[in-house]
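Spelled out, the chains give:
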Amino acid sequence: MSMELLSANHAAATATILAGEANRDARGFGCGVYPITPQTECIEKLCRHEFTKGEVVRVESEHSAMAVCMGFVLSGARSFTASASNGLAYMVENVYNVALYRVPMVMMAANRTLGPPWNIWVDHGDALLLRDSGWIQFFCEDNQEVLDTTLLAYRLAEDHRILLPVLVNQDAFVLSHTMMQTDVPDQALVDAFLPDLDLPHRITDVPVTIGGLDFPHETEVHRRQHAEAMDRVPDVLAECEDAFEDIFGRRLPGPIVPYRMEDAEMCLISMGTTASTVREVVDREREKGRRVGSLRLRMFRPFPIAPMQQALAQCTRIGVLDRNISLGLGGITWPEIMATVPRDALVQNYMIGLGGGDIRPQDIQGIVDDLWKREQSESPKIVEVG
Amino acid sequence: MTLEPALGGMAQTDQDRCDPLLRAGNTNCGGCGMSVGLNLLSHALETRKIQMVIPACCGIVTAGPYPWSAYGAPVVASTFASAAAVATGLACAARINGDPTRVICWAGDGGTYDIGMATLSAAAERNEDILYICYDNEIYGNTGGQRSSATPLGARTSTTPRGKTQQKKDILAIMAAHRIPYAASLSLGHPEDAMRKMNKALDMTGFRFLHILAPCPTGWKSEPAEGIELVRNAVQSGLYPILEIEDGIRYTLNIEPSMSDEDLQNYFEKQGRFRKENYDLAVIRKHIDEHWQLIRSRIR
C-alpha cells in the first residue's frame, strides 16, 4: 500500500485500473470513454494506462461510451466509464439498457448541475435523473471513499446474487478536483478482493438473443427478478464490506452514515460532501447542549428504508437537505425520506447549494435555527447560499 | 481439400452451417428482402463463428419473443443508435482475448442513415474490426412505414403522403469517405457477386460496410414475389449502382448496367409507393446520370 495525493477523479481511475488489471487472467478490461467537465481527468488517466489485457475506446458520445461498455461486459470483460451532467442525460437510454440487461459494470459520476443555464459546479440532479434506471447508487464524501467504493462496487456488481451496475458519485470540484491523501492498495490485494468476472449470460457461440421482445408476463418476471436482486443488496453489501476490511484493513461506511445520532432529537439528512459541513454544525450545537445529529445517505439505490427508520426513530425534528430539485415537487430525496420518518416528527425540506453554491457552516446553522423554532413544516424551501 | 460450395453457394452443402442464420419461426413478412439477405449471409458464413448486433428494427423483431431466438447465432439487441458501439465492445473483447469470432452489425436504413449515423461514423473512423451490413428498405418498416433519409425521391410514406421531395443519401460514398478498408453495394438479384463480397468482407479485418437494397413489399406496396425482379430493375436502370470501394479510393464497378428506361419505368410502376403525380422519370434519370458521372470519374 502507498499513500498518494490524488484528486477524486484520479482516485476513481486508480481503482478502475487496479480492478481492470485484476481481470487480466480472465477476459480483461475494456471501456468506452468520452470527456466532460468535471470528470475528464478520470478518463484521461485511464487513457494513459497500458492494460496488460485491455482496451480503452475513445468514442464520439456518452451514449456510445455506455454501449461500448455493454459490449465489453457481455463478452466477459470488466468495464467502467465516467460522466456528468448533460453527458449523463445524453447517455440515459443506454444506462437503462445496461441495468436491464443485468450488466455488472461501474460508472463514476462527478455530479454537476444539469444545464441550461450552463454551470459546471456540483448538484446531485444529474445522478438522480437515473433514480429509476435500476443501477445501485452510492454518494461519496471524500477521495478515499471514492477509491474504496469503486473497488467495492465491482465485487458487489459482479456477485451472482446481484449482477447489477453500480454508479459511484462524487461531488464536482469539491472532490473531483481536490487532492487528498489517499491510501492506494497493492495490485495483489485487489487481485485477492476481486475474483475474475464470471458473467453467467456472457455471449459465446450459443445462439441466444440478448434483449429481444418480452411479452407483458415475461417483463413482469424480469422486473421482479431485478427488484429481488436490489432487495439482496444490503446483505451482499455487508459481506463485501467484511471482505474489504479483511483484505485492506479498513472498513467502509454502510448505506447510511449516522453521526451523534444516539440521542438526537433533531437530525439533518444530506448526501455527499454537504455532510462534512453538517457535522461541523452538529458539533457546535452539541457544545450548546442541543441534541442534534447528522445522517448521511451514502447508498441512494436501493434505498435503505429499514436503517433509516431505525436511525430516525427517536427524532422529532428532521431537516432533509437536497442538493437537487425536482421542479414542481421539491427535493428529490425528501418524499423518499418522508416514508421512513416517525409519524409525529416535524420534517422540513431544504434545497441548498443548487448549482454548486458553497454551503458554509452558517448556512447549515440557519437551517438548524429555523428547524428549532418551527412549529410546523411548510412546503420545500430553497435556501440560497450564492 | 476444400469443397467448392455447390451452385455458387446457393445449395446446402457439407460446408454450410447445419443451422441456418435465419431459422424457422422468424416473423418476417413474405417477400422480405432482409430475409433473402440473411440467407445469403448464412451461405457465405459457412462454418465461421459470428456474434451479431442488431439495433431496434425489423431485424430484431424477427428473432421472436423471449426466450426464443430465430437466429442461428448469438445476437445482442442494441438500442436504435448503438449497434456499431456495442459491436465495438464485442469486437475489441474478442481481439484482446484472441477469439476468432467475427462481429457483424445487421441494421436497417433507419439505424444506419439516420439515428445510428454518428455511432457508425465513429466506429468506421476508428476502423473497428466490424462487418456492418445495412439492409436498406428505404423506410421505417418496423413502425409502419415512415420516411428515412434513405427513402427515395417521390416515394409516398405515412409521413410523406405527397411523396418525398428529397433524394436519398449516398451512403456508400459517405462510408467510403471514412477511408475504411472495404465498402460495397450488393444486389439480391445477383447472388454470386453478393456472396463473393460477403466472403471477402468476412475475411478482411478493420471496418467493412455492405449495403443491400432490400425490398419491403409491405412498405413498398409491391408484390412479395417480385422483390428480386425490382432489385434487378434498380440495378439495370442505374438507380442502384453495384460497386466496391477499397480504402476509400479504389473503385471497382461490378455490374455494368444497361441504363434501361424500361427497367426504370418498371421499377416505379410496380410499386404502390410511387404514384405518377409524385415523381418525374426524366428528373430521376437526370439524377441517375449525374450520380454515374461521379462514380465513373472515381473509377480508374
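It should be emphasised that the depicted structure is a prediction, and the values quoted were computed from it without experimental measurement. (Residues numbered from 1 in each chain as written. Chains lettered and ligands numbered in written order. Predicted model: local features only at pLDDT ≥ 70, side-chain atom pairs only at ≥ 80, totals over all residues.)

Enquirer: I tried to follow the overall build of chain B on my own but got confused; where do I start?
Expert: Helix and strand counts for chain B stand at 11 helices and eight strands. At 18 Å, chain B has a C-alpha radius of gyration in line with the 19 Å of a compact globule built from 300 residues. Expressed along its principal axes, the backbone C-alpha trace of chain B runs to roughly 55 × 45 × 40 Å. Here chain B holds 300 residues, and 52% of them are scored as buried. (Helix = DSSP H or I, 4+ residues; strand = E, 2+ residues; numbered from the N terminus. Rg over C-alpha atoms; globule rule 2.2 N^0.38 Å. Buried ≥ 20, exposed ≤ 12 C-beta atoms within 10 Å, placed from the backbone.)

Enquirer: Mind showing me how you'd approach the overall build of chain A here?
Expert: Broken down by element type, chain A carries 12 helices and 16 strands. Whereas a compact globule of 386 residues would reach a radius of gyration of roughly 21 Å, chain A reaches 21 Å, a difference of no more than 12%. Principal-axis analysis of the C-alpha atoms places the extent of chain A at approximately 65 × 50 × 45 Å. For chain A, the residues scored as buried account for 55% of the 386 residues in total. Across chain A, the fraction of contacts at a sequence separation of at least 24, relative to all contacts at a separation of at least 6, is 82%. (Contact = placed C-beta atoms within 7 Å.)

Enquirer: Just to check I follow, could you spell out the interface of chain B and chain A for this structure?
Expert: Where interface size is given, it is often the accessible area lost as the parts come together that is meant. If you look at the interface, chain B gives 34 residues, while chain A gives 40 residues. Elements supplying a minimum of two residues to the side of chain B that touches chain A: helix 2 (58-61), strand 2 (75-77), helix 3 (83-96) and helix 5 (117-125) of chain B. Take the side of chain B that touches chain A: its biggest share by element is 10 residues, from helix 3 of chain B.

Enquirer: Hey, could you run me through helix 10 (residues 305-312) of chain A in this one?
Expert: Helical geometry: 3.6 residues make up each α-helical turn, so side chains three or four residues apart lie on a common side. All names here are of chain A. Three or more residues of helix 10 are buried, namely Met308, Ala311 and Leu312. Take helix 10 and look down its axis: the buried residues cluster within an arc of 90 degrees, on one side only. Buried positions along helix 10 lie against strand 10 (256-259), strand 11 (266-270), strand 12 (292-297), strand 14 (317-322) and helix 11 (333-338). (Arc of directions from axis to C-beta.)

Enquirer: It is not clear to me how the pairing of strand 4 (residues 131-136) of chain B should be interpreted in this structure. Could you clarify?
Expert: Two faces, one strand: in a regular strand the side chains alternate between the faces of the sheet. Residues and elements named next belong to chain B. A large share of strand 4 lies buried, amounting to six of its six residues. Direction of pairing for strand 4 relative to strand 6 (residues 208-213): parallel, over a ladder of six bridges. Bridge assignment links Leu131 to a residue of strand 6, and that residue is Arg208. (Pairing = 2+ DSSP bridges.)

Enquirer: Quick question: what am I supposed to make of the confidence of the model for chain A here?
Expert: Low-confidence regions, as indicated by low pLDDT, have predicted coordinates that should not be scrutinised in detail. Summarising the model, chain A shows a mean pLDDT of 97, and 100% of its residues fall at 70 or more. Least confident of the elements in chain A is strand 9 (residues 209-210) of chain A, whose mean pLDDT is 95; most confident is strand 7 (residues 166-171) of chain A, at 99. (pLDDT = per-residue confidence, 0-100.)

Enquirer: Would you take a moment to explain the sheet that holds strand 5 (residues 182-186) of chain B for this structure?
Expert: Backbone hydrogen bonds are what pair the strands of a sheet, in a parallel or an antiparallel way. On the basis of which strands lie adjacent, the open sheet formed by nine strands has the order 9(A)-2(B)-1(B)-3(B)-4(B)-6(B)-5(B)-7(B)-8(B) and mixed pairing. The open sheet has two edge strands, strand 9 of chain A together with strand 8 (250-253) of chain B, and neither has a second partner.

Enquirer: Just checking my understanding: could you explain the domain arrangement of chain A for this structure?
Expert: All names here are of chain A. According to the domain assignment, chain A consists of domain 1 (2-248) and domain 2 (256-383). At the interface, 23 residues of domain 1 touch 20 residues of domain 2. Looking at the side of domain 1 that touches domain 2, the elements with two or more residues in it are helix 5 (125-128), strand 6 (136-139), strand 7 and helix 8 (216-248). At four residues, strand 6 tops the list of elements feeding residues into the side of domain 1 that touches domain 2. (Domains from an automatic or database assignment.)

Enquirer: Just to check I follow, could you spell out the sheet that holds strand 5 (residues 106-111) of chain A for this structure?
Expert: Residues and elements named next belong to chain A. In space, the five strands of this open sheet follow the order 4-5-7-6-13, with mixed pairing throughout. Every other strand in the sheet has two partners, leaving strand 4 (80-83) and strand 13 (299-301) as the edge strands with one partner each. Taken over all neighbouring pairs, the strand axes of this sheet differ in orientation by 20 degrees on average, direction set aside. When strand 5 meets strand 7, the two strands line up parallel, connected through six bridges. Looking across to strand 7, one finds that Ala110 is bridged to Gln170. (Axes fitted to C-alpha atoms, helices over the stretch in contact; angles between N-to-C directions.)

Enquirer: Can you walk me through the packing of helix 9 (residues 274-287) of chain A against helix 12 (residues 361-373) of chain A in this structure?
Expert: How two helices pack is summed up by the angle between their axes together with the distance between the axes. All names here are of chain A. Two numbers describe how helix 9 lies on helix 12: the axes approach to 9 Å, and their chain directions differ by 60 degrees. If you check the angle between helix 9 and helix 12, you find them oblique. The chirality of how helix 9 crosses helix 12 is right-handed. Contacts between helix 9 and helix 12 involve Thr277, Val278, Glu280, Val281 and Glu285 on the former and, on the latter, Pro361, Ile364, Gln365 and Val368. Broken down by class, the residue content of the contact of helix 9 with helix 12 amounts to five nonpolar, two polar and two charged. (Parallel < 35°, antiparallel > 145°, perpendicular 65-115°, else oblique. Left-handed = near helix turned anticlockwise from the far one by under 90°. Nonpolar A, V, L, I, M, F, W, Y, C, P; charged D, E, K, R; others polar.)

Enquirer: When you look at unusual backbone geometry in this model, what are you seeing that I'm missing?
Expert: One can expect most non-glycine residues to show negative phi and most peptide bonds to be in trans. Residues and elements named next belong to chain A. A cis amide bond, omega 5 degrees, links Thr37 with the succeeding residue Pro38. Note on placement: Pro38 falls in the loop between strand 2 (29-33) and helix 2 (40-48). Cis geometry is adopted by the peptide bond preceding Pro302, which originates at Arg301 and carries an omega value of -5 degrees. Looking at the secondary structure, you find Pro302 in the loop between strand 13 and helix 10.

Enquirer: I tried to follow the confidence of the model for chain B on my own but got confused; where do I start?
Expert: All names here are of chain B. The share of residues in chain B with pLDDT of 70 or more is 95%, and the mean pLDDT across the chain is 94. Within the model, pLDDT remains below 50 along residues 1-6, and this stretch shows eight contacts once partners closer than five positions in the same chain are excluded. Both scores are given for the predicted complex: the pTM is 0.96, the ipTM 0.96.

Enquirer: Any chance you could explain the environment of Leu297 of chain A here in plain terms?
Expert: Turning to its location among the elements, Leu297 of chain A is positioned in strand 12. Once the C-alpha coordinates of Leu297 of chain A and Met271 of chain A are considered, the two residues, 26 residues apart in sequence, prove to be 5.2 Å apart.

Enquirer: Looking at this structure, how should I read helix 9 (residues 227-236) of chain B?
Expert: Residue and element names in this part refer to chain B. The element helix 9 is extensively covered by neighbouring structure, given that seven of its 10 residues are classed as buried. Gly227, Leu230, Val231, Asn233, Ala234, Val235 and Gln236 are the residues of helix 9 that are buried. Of the surrounding secondary structure, the elements contacted by the buried residues of helix 9 are helix 1 (33-45), strand 6, helix 8 (217-220) and helix 10 (261-269). The positive-phi residue at the C-terminal boundary of helix 9 is Gly238, with phi of around 90 degrees.

Enquirer: Teacher, can you tell me more about the packing of helix 9 of chain B against helix 10 of chain B here?
Expert: Residue and element names in this part refer to chain B. Orientation of helix 9 relative to helix 10, taken along the N-to-C sense of each, is 140 degrees, at an axis distance of 8 Å. Here helix 9 lies oblique to helix 10, going by the angle between them. Crossing of helix 9 over helix 10 shows left-handed handedness. Facing helix 9, whose interface residues are Leu230, Asn233, Ala234 and Gln236, helix 10 presents Asp263, Asn266 and Tyr267. Across the contact of helix 9 with helix 10, the residue classes tally to three nonpolar, three polar and one charged.

Enquirer: Looking at this model, I keep getting lost on the environment of Lys221 of chain B. Mind explaining?
Expert: All names here are of chain B. Tracing the sequence through the fold places Lys221 in the loop between helix 8 and helix 9. When the 14 C-beta atoms within 10 Å are taken as the criterion, Lys221 is described as partly exposed. C-alpha of Lys221 to C-alpha of Asp280: the two residues are 59 residues apart in sequence and 19 Å apart in space. With residues near it in sequence (within four places) discarded, Lys221 still touches Gln271, Gly272 and Arg273.

Enquirer: Quick question: what am I supposed to make of the environment of Leu346 of chain A here?
Expert: All names here are of chain A. With respect to the element layout, Leu346 can be found in strand 15 (residues 346-352). Classification of Leu346 as partly exposed rests on a count of 16 C-beta atoms within 10 Å. Once residues within four sequence positions are removed from consideration, Leu346 is found in contact with Thr316, Arg317, Arg374, Gln376 and Ser377.

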